[in-house]
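Each chain, letter by letter, is given below.
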There are 2 protein chains.
Amino acid sequence: MDIPTAEIVCLGNELLIGVTTNTNATYLGDHLTKVGYEVRRVTCIRDDLVLASEFFQEVFERKPDLILVTGGLGPTYDDIQLEVLSKASGLDLIENKIALGQIQEFYRKKNAELTKDRRKMAFMPATSEVLKNYVGGAPGCYVIHLGIEIYCLPGVPTELKDIFSRHILPRLKDKNNGILYEKKFQIFQSIESQLAPFILSIKNKYSELYVKSHPAYKDKQGIIIHISGLGEKAELDVSNAIDELQELIRENIPDIKIESLVD
Amino acid sequence: MDIPTAEIVCLGNELLIGVTTNTNATYLGDHLTKVGYEVRRVTCIRDDLVLASEFFQEVFERKPDLILVTGGLGPTYDDIQLEVLSKASGLDLIENKIALGQIQEFYRKKNAELTKDRRKMAFMPATSEVLKNYVGGAPGCYVIHLGIEIYCLPGVPTELKDIFSRHILPRLKDKNNGILYEKKFQIFQSIESQLAPFILSIKNKYSELYVKSHPAYKDKQGIIIHISGLGEKAELDVSNAIDELQELIRENIPDIKIESLVD
C-alpha cells in the first residue's frame, strides 16, 4: 500500500527561542497519522521571508502529498506565512473578497475598524480557497501547488484546532487513505534494554507494523510499547503482534507485570 | 555583530505521530538563545536511516555553527542516531572504550548483564568525545564535522537536561557569543491587530532587536510583547524600545492597562 506523506511546517521565532512549546505539531501529527498519512517531517522555521521561502522550495522538491503550515496569518509585521508561500510558489498574493468579508464581519462585531494591518489578512495566494476562522480574525486557506495540497493555519491553538477539525479533517477522512490500528501496553519493573531483543524479533516478523517502546514519562514506571499499522490487514496483525510480544516477554522475564492501555 | 547559528534536530517517530510533544526543543531553544545563538530551525525526523542521513547532509550544507541532536541513543532497534550521523558524515562508527566503560558501570550497578543491545550504545562516530550520562544508560557525545560542532543527546528529557546542563551549556557560555537582553510586558483589554502599527514602528526604529507579540495563552487575557537583543549595546536599546513602545500605546489607547513581566 502506498501511504501518502505529509509535512508539518511551523512558522514563528517563538518556537525556536523556547518561548512556546509546539503543541500544534502534536495535535496535527496525531490526527494526520490516524487518517492514514505518514508525517515525514515537522519543521519550525523563523519569521524570515528569505529563509522561509527557500525552505518551502525545499519542501516542494520533496513532493509530499500534503503540507500543513501553522503560524503567521495574523495582523502583525512578522505574520508573513502567506507572503512566504507566495514567494516560494510564484502564486500572486491577491486580496481575497471572501476572506475580506469574513475579516470585516469579525471586526464589525467587535466594533473595531478595518485597519490596514487587519485588511492584510485577506491577501492570499491566487486560487486559494478560504477556510473560515470562527474563533479569531485570520481566516485559513487551502491551495494546491505542483499537485501538493497545502493548508494554511493560524498559530493560536484554539483557532488552529477549530479550523482543522471543522474544515480539514473531514476532507482528509473522505480520502480513505486507510485506518490506523493501534494497541499499546505498559510493562512494569523493566527497562528498554531488557526488552530490546523481544521488540526487535516482533518488528522483524511484522515488518509492515510500527513497533515503538518508550519510558512511561507520566507515572515514571516502566516502559510503554505501541504497535500500530495502516490498512485492513493491520487490525489482525496488530492484535497478533501484541499477543506474541507479550508472550515472548512473559516467557523470558518470569513474574513480569504487563497492563493493556487504552487512549 | 555576527551571530552564530544553530539547528536542533530531533529524531523519533513519536514526535511525528503526536505521541510526544517536543519539550526538548523548547528547553534547548531557550538556552541556546540565552547564550547568544540564533536557532535557525528545529526539525523532527523519523527513525529511518536513509531519510535521516539524507536530512543530515542537507544540514551540513547549510553550515550552521552548532547542531544539537536529540533522541535515538538508546538500546532498541530504532535508536539509530549515531548510525545516521556516521552514514551522513562518513565518520566510521567504532566502539568507544570510554563509553563502553560507562555503560558497563551503569548496568553493573543494576546487576544487569551487558547484552549486545546495551553494548551497541558504545558505538560512536570516530573522533567523538563521550559526554557521561549520570541519569540513564546511553552516553551522549560531541564530534566536529566540516567545522560544525555536533552534540548528540538522548531523547529522555531528564537525561537530556542533565547532559546538556552539565557538559554542554558551560562550554557554550565560555564562547562569549554575547548575552541576550530581554524584557516583556502584558497589555490588557487589547488585541494584536490594534497594537500592530505601534509594534511595527518600534521594530523599524530598532531593527537589530527582536520584537514579538503573542496572545497571553495562560490567563487568556490580552497580549504579551517581548523585546530582546544580543550584545552590550542591546541592554540600553531594549530598555529604550520598551519605554517608547509603552508610551506610544498609552498615547493612542487611553486608559489601557500595561504590566511589566519577569520570568
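Bear in mind the structure is a predicted one, so any value in this text is a computation, not a measurement.

## Points about the overall build of chain A
- A tally of regular secondary structure across chain A gives nine helices and twelve strands.
- With 263 residues in all, chain A has 57% of them scored as buried.
- Taking all contacts inside chain A whose residues are at least 6 apart in sequence as the whole, residues at least 24 apart take part in 69%.
- Of the roughly 11800 Å² of accessible surface on chain A, a fraction of 49% belongs to carbon and sulfur atoms.
- Of the charged side chains in chain A, 31 are positive and 38 negative; the average position of the first set lies 5 Å away from that of the second.

## As for the sheet that holds strand 12 (residues 257–261) of chain A
Residue and element names in this part refer to chain A.
- As summarised here, the arrangement of the four strands in space is 10-11-9-12, forming an open sheet in which the pairing is antiparallel. Of all strands in the sheet, those bounded by a partner on one side alone are strand 10 (210–215) and strand 12. Strand-to-strand, the axes of this sheet are offset by a mean angle of 20°, without reference to chain direction.
- As paired strands, strand 10 and strand 11 (residues 223–230) are joined by six bridges and run antiparallel to one another. Paired with Tyr-210 across the strands is Ser-228, a residue of strand 11.
- Here helix 8 (residues 192–205) sits on the sheet and contacts strand 9 (180–188), strand 10 and strand 11; the angle it forms with strand 10, its principal contact strand, is near 170°.

## Topic: the packing of helix 8 (residues 192–205) of chain B against helix 9 (residues 232–252) of chain B
Residues and elements named next belong to chain B.
- Axis separation between helix 8 and helix 9 bottoms out at 10 Å; the angle between their running directions is 150°. Classified by the angle their axes make, helix 8 and helix 9 are roughly antiparallel. Viewed along their axes, helix 8 and helix 9 form a crossing whose handedness is right-handed. Of helix 9, the residues touching helix 8 (which contributes Leu-195, Phe-198, Ile-199, Ser-201, Ile-202 and Lys-205) are Ala-241, Glu-244, Leu-245, Leu-248, Ile-249 and Asn-252.
- Of the residues belonging to the contact of helix 8 with helix 9, the class tally is eight nonpolar, two polar and two charged.

## Some remarks on the sheet that holds strand 7 (residues 140–145) of chain B
- Pairing is mixed across the open sheet formed by twelve strands, whose spatial order is 6(A)-7(A)-8(A)-3(A)-1(A)-2(A)-2(B)-1(B)-3(B)-8(B)-7(B)-6(B). In this open sheet, the two edge strands, each paired with only one partner strand, are strand 6 (129–131) of chain A together with strand 6 (129–131) of chain B. Taken pair by pair, the neighbouring strands of this sheet meet at an average axis angle of 20°, ignoring direction.
- Here five bridges tie strand 3 (residues 66–70) of chain A to strand 8 (residues 148–153) of chain A, and the two strands are oriented parallel to one another. Looking at the pairing, Leu-68 of chain A lines up with Tyr-151 of chain A of strand 8 of chain A.
- Each of strand 1 (5–11), strand 2 (38–45), strand 3 and strand 8 of chain A touches helix 2 (residues 23–34) of chain A; the most contacted strand, strand 1 of chain A, lies at about 165° to it.
- Running at roughly 160° to strand 8 of chain A, helix 4 (residues 81–89) of chain A makes contact with strand 1, strand 3, strand 7 (140–145) and strand 8 of chain A of the sheet.

## Notes on the interface of chain A and chain B
- Counting residues at the interface gives 58 residues for chain A, matched by 58 residues for chain B.
- Each partner contributes to the roughly 4800 Å² buried at the junction of chain A and chain B, and carbon and sulfur atoms together form 58% of this total.
- Scanning the region where chain A abuts chain B turns up ten salt bridges.
- Ionic pairing is found between Lys-212 of chain A and Asp-78 of chain B, a salt bridge with its closest N-O pair at 3.3 Å.
- Along the contact surface separating chain A from chain B lie 18 residue pairs in polar contact (both at pLDDT 80 or more).
- A breakdown of the residues in the side of chain A that touches chain B according to their chemical character gives 24 nonpolar, 18 polar and 16 charged.
- Where strand 2 of chain A and strand 2 (residues 38–45) of chain B come together, five bridges link them in antiparallel fashion. Bridging across to strand 2 of chain B, Arg-41 of chain A finds its partner in Ile-45 of chain B.

About the thresholds
- Residues numbered from 1 in each chain as written.
- Chains lettered and ligands numbered in written order.
- Predicted model: local features only at pLDDT ≥ 70, side-chain atom pairs only at ≥ 80, totals over all residues.
- Heavy atoms only, no water.
- Helix = DSSP H or I, 4+ residues; strand = E, 2+ residues; numbered from the N terminus.
- Buried < 20%, exposed > 50% of the residue type's maximum accessible area, 1.4 Å probe, protein only.
- Contact = heavy atoms within 4.5 Å.
- Areas by Shrake-Rupley, 256 points an atom, 1.4 Å probe, with all protein chains shown as cover.
- Lys, Arg positive; Asp, Glu negative; His and termini not counted.
- Charge placed at Lys NZ, Arg CZ, Asp CG, Glu CD.
- Pairing = 2+ DSSP bridges.
- Axes fitted to C-alpha atoms, helices over the stretch in contact; angles between N-to-C directions.
- Parallel < 35°, antiparallel > 145°, perpendicular 65-115°, else oblique.
- Left-handed = near helix turned anticlockwise from the far one by under 90°.
- Nonpolar A, V, L, I, M, F, W, Y, C, P; charged D, E, K, R; others polar.
- Buried area = accessible area lost by both parts, 1.4 Å probe.
- Salt bridge = Lys/Arg side-chain N within 4 Å of Asp/Glu carboxyl O.
- Polar contact = N/O pair within 3.5 Å; in protein donor to acceptor, adjacent residues only side chain to side chain.

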